[in-house]
Amino acid sequence: MNDFVKVTNFIHGEKTDSTDGRVLDIIDPSTGEKYGEAPNSGKADVDRAYASAAEAFVRWRLTTPGDRQKALLGFADEVEAHTQELAEAESRNTGKVVAVTLAEELPAMVDQIRFFAGAARNLEGRSAGEYMAGHTSFIRREPIGVIGQVAPWNYPMMMAIWKLAPAIAAGNTVVLKPSDTTPVTAVMLAEFAAKHFGPGVLNIVCGDRSTGELVVKHPTAQMVSITGSVAAGKNVAAAASESLKRVHLELGGKAPVLVFPDADLDAAAEGIAIAGYFNAGQDCTAATRVIVHSSVHDQFVALLVKQAESIRTSYEKGRFDDDALVPPLNNVNQFNRVLEMIGTTPEHATIAAGGKRQGDRGFYIEPTVITGLKQDDYLIQNEVFGPVITVQSFDDEAEVLANANGTEYALASSVWTKDISLALRLSRDLDFGCVWINTHIPLVAEMPHGGFKSSGYGKDLSGYGFEDYTRVKHVMAYIEG
């Protein structure tokens, strides 16, 4: 696939270039070469997108839940009918393996849209009643308004769905900015959506960080939602505070993976390797911080190293290799950052597998295992966001719990043991938005995804995620007699 890709904005149901003609290069992560361009939108473009969304909100907020459900189901069917096209576009833009994208992302995306289509008709509230003599009260659940959203580059398509589907299902309209490195599929999704939602309900403005700031700070936005780094989340929260916008933040993670001596070590090593190296570790929930009991530490490390050395990247045969799991890093900045972080490995630690660039083209890094790290080491306290799994050891439950909770992140975690009482006790005491037991990374539309502490607040997916995009109004009526 050598054809040049020209991405546009999508505003009020139409493709459009940036007003001033500025563009950004689109790079193929598997080669490091330019293969397309996208608009680098400015204030005029963002203003147009918000004007369109505000105009559409007047209409969309009054649609019935049944109408919104029908539109979302049509959108889901459209996405499903174009799965191959979307998977190949996403693969080229992100470096992901086409077969993995087809198997793991597209079916989930379609299911998530259909879930929120149903959720649109299932909002619940208090029953109407007389809480004061002579007066009847009831609750209205209403859409918030125009929502500004910023999607990340690690799952450009899926994160766009996580954001736009619940917002639109609840009756809001959206201005969404995709990452500057991965804008391709967001515009494709918007084209499909416009056939069912009409113009202005979903608008896409492409651009760099300055474009994102315009989206977040725009006075029309009643709420802003981003998936990104902790630093980006703090900036968004600070900007939103100036106008008291609602904020929805899904930020970084540093998931602890607790392995006890009674666990099935072979199954644990395989499951953790997949959950750590999937998407090259570019996942906020990735299983990248293993804490294993000292009595089985060496045995487990040997199993994990074997997994790291046998897991296949797409370097040799490319993104159409059905047997490959690990793609390149998404962009040169992240590639350099991960290599620099590996370079901080202290003398008391050991790089037991990988640790280097793979090949001489693209942004590939070998699946890496680093052992012997201490709790206050940089690699333990900071999110790598690359194919790097660290291993620490512990001697007792109190120690492993303290180490697991001992970072600023609190998004996801897992416990590997056959002792159900131990697992349930730790699920209570682990300070994370998600705790998996004897597995790591599966997500379903019906269950919430979101963290605590510096991993942000607000939930994606589930009825909880849907409610985040509504507001509550009390209506009271005086009743004569």
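A quick note: this is a predicted structure, and the numbers were derived from the prediction, not measured. (Residues numbered from 1 in each chain as written. Predicted model: local features only at pLDDT ≥ 70, side-chain atom pairs only at ≥ 80, totals over all residues. Heavy atoms only, no water.)

Caption draft 1: Quick look at the packing of aromatic side chains. Evaluated as defined, the whole model comprises eight aromatic pairs. An angle of 80° between the planes, with centres 5.2 Å apart, marks the rings of Phe 115 and Phe 116 as edge-to-face. Given the relative accessible area of 0%, Phe 116 is considered buried. Seen in terms of ring centroids, Phe 260 and Phe 394 are 5.2 Å apart; in terms of plane orientation they differ by 70°. Their pairing is edge-to-face. (Phe/Tyr/Trp six-rings, centres within 6.5 Å; stacked < 30°, edge-to-face > 60°. Buried < 20%, exposed > 50% of the residue type's maximum accessible area, 1.4 Å probe, protein only.)

Caption draft 2: Quick peek at unusual backbone geometry. The backbone of Leu 244 sits at a positive phi, close to 55°, despite the residue not being glycine. Note on placement: Leu 244 falls in the loop between helix 9 (230–241) and strand 12 (246–250). Since its relative accessible area comes to 74%, Leu 244 is described here as exposed. For Ile 441, which is not glycine, the phi torsion reads 105° and is therefore positive. The topology assignment puts Ile 441 in the loop between strand 19 (434–437) and strand 20 (456–457). A relative accessible area of 22% places Ile 441 in the partly exposed class. (Helix = DSSP H or I, 4+ residues; strand = E, 2+ residues; numbered from the N terminus.)

Caption draft 3: Local environment of the pairing of strand 4 (residues 23–28). Of the two faces of strand 4, the one lined by Leu 24, Ile 26 and Asp 28 is fully buried and the one lined by Val 23, Asp 25 and Ile 27 carries no buried residue. Here six bridges tie strand 4 to strand 5 (residues 33–39), and the two strands are oriented antiparallel to one another. Looking at strand 5, one finds that Asp 28 is bridged to Glu 33. Here strand 4 hands over to strand 5 after four residues, with Gly 32 in that stretch at a positive phi of 80°. (Pairing = 2+ DSSP bridges.)

Caption draft 4: Examining the packing of helix 2 (residues 65–81) against helix 7 (residues 184–197) more closely. Their axes nearest at 8 Å, the elements helix 2 and helix 7 cross at an angle of 145°. As for how helix 2 packs across helix 7, the hand of that crossing is right-handed. Only Leu 189, Phe 192, Ala 193, Lys 195, His 196 and Phe 197 of helix 7 make contact with helix 2, whose side of the interface consists of Ala 71, Leu 72, Gly 74, Phe 75, Glu 78 and Val 79. Partitioning the contact of helix 2 with helix 7 into residue classes produces eight nonpolar, two polar and two charged. (Axes fitted to C-alpha atoms, helices over the stretch in contact; angles between N-to-C directions. Left-handed = near helix turned anticlockwise from the far one by under 90°. Contact = heavy atoms within 4.5 Å. Nonpolar A, V, L, I, M, F, W, Y, C, P; charged D, E, K, R; others polar.)

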